Amino acid sequence: MAYLNDNYLKLKSGYLFPEIARRVREFCEKNPESAKRLIRCGIGDVTEPLPPAVVAALHKAVDEMAKRETFRGYGPEQGYEFLRTAIAQNDYRSQGIDIADDEIFVSDGSKCDCGNILDILGAQNKIAMMDPVYPVYVDTNVMAGHTGAANEGGAYAGLVYLPCTAANGFVADIPKEKVDIVYLCYPNNPTGAVATRDQLTNWVQYALKNKAILLYDAAYEAYITDPAVPHSIYEIPGARECAIEFRSFSKNGGFTGTRCAFTVMPKSLMAATSDGRFTSLHPLWLRRSTTKFNGVSYPVQRAAEALYTPEGKAQVKGLIEHYMGNAQVLRKGAKAAGLNVFGGVNAPYIWVETPAGVNSWQAFDRILNEANVVITPGSGFGKNGEGFFRISSFNSRANAEEVARRLQTLKW
Ligand SMILES: *Cc1c(COP(=O)(O)O)cnc(C)c1O
């Protein structure tokens, strides 16, 4: 008899995006005329095409693959040297952060890395995560058997939830209890909040004191506009001893469909064996990568490398300015509609409080039916997301302006 992984059966079936898709489909079938003016500000996917520097690098790399002399088969599992050097040099060393080339592990996505990292961490760890949160952190821990069942409200037994509310500026407070692993995501999806240098310093100090590890998801670091806000956890002294950073080319370079990201695993990061010895995690992550992964394709790594050329950097800046211009338009529109608005300053997401007496899904239905706009209900990201909805800036300027206008026509 073959057994399945029972942990998968603990996952909540009514997952956020399928439920949104179902409601949108039903609305479009019932209202074919309104469906024509539907604008999607829901899923966090980019809308602008790949930057020209990336397209040129892709074409060139494909041509190399087409000739015997320049063809490449399997590459290094952890990424080509040319890309690891470009990353370590441009994202870290040029910013005064000490990261070596071989501490960079190139992958096909941060989503995958955030889940895969659990392979090298012990099952006995006490795990804390922000609420609301990117659902991947929770679900991968459920799959790995790190939780009990979910309660009525969707919270899993065994996880420590760190509430992120308007009261704490959507930045998780340091827990009173001792935890071993903490997921932090700044700039944040879904709230658009960022953590200050002082707040991150408190987290690093907490981690060092408790010999805990911070899993720092910086997928949106390119959207930071405030010069005082850290782009990397390694800007904080001591972070090399307690943090793993996840970064992605999805949101800066428009790689959501091209797939390339990286994890920074400092060699100085240690964790305990079950008999209490401390040892480096770097060799374990290298072993995991070389055993379970065969690397990102050569053309895609060349494409990612092109993001670090002067043209590439200028084009990424243009993309970010486009999306952040949308964010400003949407923030203004939501404010003019009388709504309480957060985020959208250092992140492409606007986090909006629902009017009194309206919950997240009611707001979703009203905005869909009356404004023909798809947003994301905050409750889908966790208990503390209830009473909010997320508007994404990933759109054309014309759509952002139209959404801003329509929000003001709603009578709550
Ligand atoms: C989009 C996103 C990522 C990037 O995931 P990829 O797999 O690299 O596309 C990572 N974390 C968060 C919170 C995101 O929203």
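Residues numbered from 1 in each chain as written. Predicted model: local features only at pLDDT ≥ 70, side-chain atom pairs only at ≥ 80, totals over all residues. Heavy atoms only, no water.

### Observations regarding helix H4 (residues 81-92)
With 12 residues, H4 ought to run about 16 Å at 1.5 Å a step, and its terminal C-alpha atoms sit 16 Å apart, in line with that. Across the 12 residues of H4, nine count as buried, placing the element largely inside the fold. Among all positions in H4, only Phe82, Leu83, Arg84, Ala86, Ile87, Ala88, Asn90, Asp91 and Tyr92 are buried. Packed against the buried residues of H4 are strand E2 (104-107), strand E7 (243-248), strand E8 (261-264), helix H9 (298-306) and helix H10 (310-336). (Helix = DSSP H or I, 4+ residues; strand = E, 2+ residues; numbered from the N terminus. Expected span 1.5 Å × (residues − 1). Buried < 20%, exposed > 50% of the residue type's maximum accessible area, 1.4 Å probe, protein only. Contact = heavy atoms within 4.5 Å.)

### Quick notes on the nonpolar core
Judged by nonpolar contacts, the single largest core of 130 residues is most densely connected at Ile117, Leu214 and Ile233. Ranked by residues supplied to this core, first place goes to H10 with nine residues. Apart from residues no more than four positions distant in its own chain, isoleucine 233 is found in contact with Leu200, Val204, Leu214, Tyr216, Ala239, Ala243 and Glu245. (Core = buried A, V, L, I, M, F, W, Y, C linked by side-chain atoms within 4.5 Å.)

### Quick word on the sheet that holds E7
Here we have seven strands laid out as an open sheet, ordered E2-E8-E7-E6-E5-E3-E4, and mixed in their pairing. Looking at which strands have only one partner, the edges of the open sheet turn out to be E2 and strand E4 (159-163). Going across the sheet, the axis of each strand differs from the next one's by a mean of 20 degrees, ignoring polarity. Bridge analysis of strand E5 (residues 181-185) against strand E6 (residues 213-217) gives five bridges, and the strand direction is parallel. Within E6, the position partnered with tyrosine 183 by the bridge is leucine 215. (Pairing = 2+ DSSP bridges. Axes fitted to C-alpha atoms, helices over the stretch in contact; angles between N-to-C directions.)

### Topic: the domain arrangement of the protein
One can read the domain layout of the protein as domain 1 (14-43 + 312-407) and domain 2 (54-308). Between domain 1 and domain 2, the contact holds 25 residues from the first and 30 residues from the second. Summing both partners gives a buried area of about 2,300 Å² for domain 1 against domain 2, and 62% of it is carried by carbon and sulfur. Among the residues of domain 1 in contact with domain 2, Asn346, Phe381 and Asn384 are the three that bury the most area, contributing 29% of the side total. Inspection of the region where domain 1 meets domain 2 yields zero salt bridges. Between the two partners, domain 1 and domain 2, sit 10 residue pairs in polar contact (both at pLDDT 80 or more). Of all the elements in the fold, those that place two or more residues in the side of domain 1 that touches domain 2 are H10, strand E11 (340-343), strand E12 (349-353) and strand E15 (388-392). Per-element accounting of the side of domain 1 that touches domain 2 gives the leading share, seven residues, to H10. The class makeup of the residues in the side of domain 1 that touches domain 2 is 15 nonpolar, seven polar and three charged. (Domains from an automatic or database assignment. Buried area = accessible area lost by both parts, 1.4 Å probe. Salt bridge = Lys/Arg side-chain N within 4 Å of Asp/Glu carboxyl O. Polar contact = N/O pair within 3.5 Å; in protein donor to acceptor, adjacent residues only side chain to side chain. Nonpolar A, V, L, I, M, F, W, Y, C, P; charged D, E, K, R; others polar.)

### Overview of the environment of isoleucine 233
Structurally, isoleucine 233 is set in the loop between E6 and E7. For the pair isoleucine 233 and isoleucine 244, spaced 11 residues apart in sequence, the C-alpha separation works out to 8.4 Å.

### Considering the side chain of glutamate 245
Structurally, the position occupied by glutamate 245 is in strand E7. Polar side-chain contacts of glutamate 245 include one of 2.5 Å to the side chain of tyrosine 92. A polar contact is formed between the side chain of glutamate 245 and the side chain of arginine 247, at a distance of 3.0 Å. Each residue touching glutamate 245, except ones within four places of it in the same chain, is listed here: Tyr92, Tyr216, Ala218, Ser232, Ile233, Tyr234, Phe262, Thr263 and Val264.

### A closer look at the site of the ligand
Close to the ligand lie 14 residues, the nearest being Asp217, Tyr220, Ser248, Ser250 and Lys251. Contact distances for the ligand include 3.3 Å between an oxygen atom and a side-chain N or O atom of lysine 251. Computed on the free molecule, the ligand has an accessible area of 390 Å², of which 93% lies beneath the protein chains in the complex. In terms of residue class, the shell around the ligand is made up of five nonpolar, five polar and four charged. (Near = heavy atom within 4 Å. Areas by Shrake-Rupley, 256 points an atom, 1.4 Å probe, with all protein chains shown as cover.)

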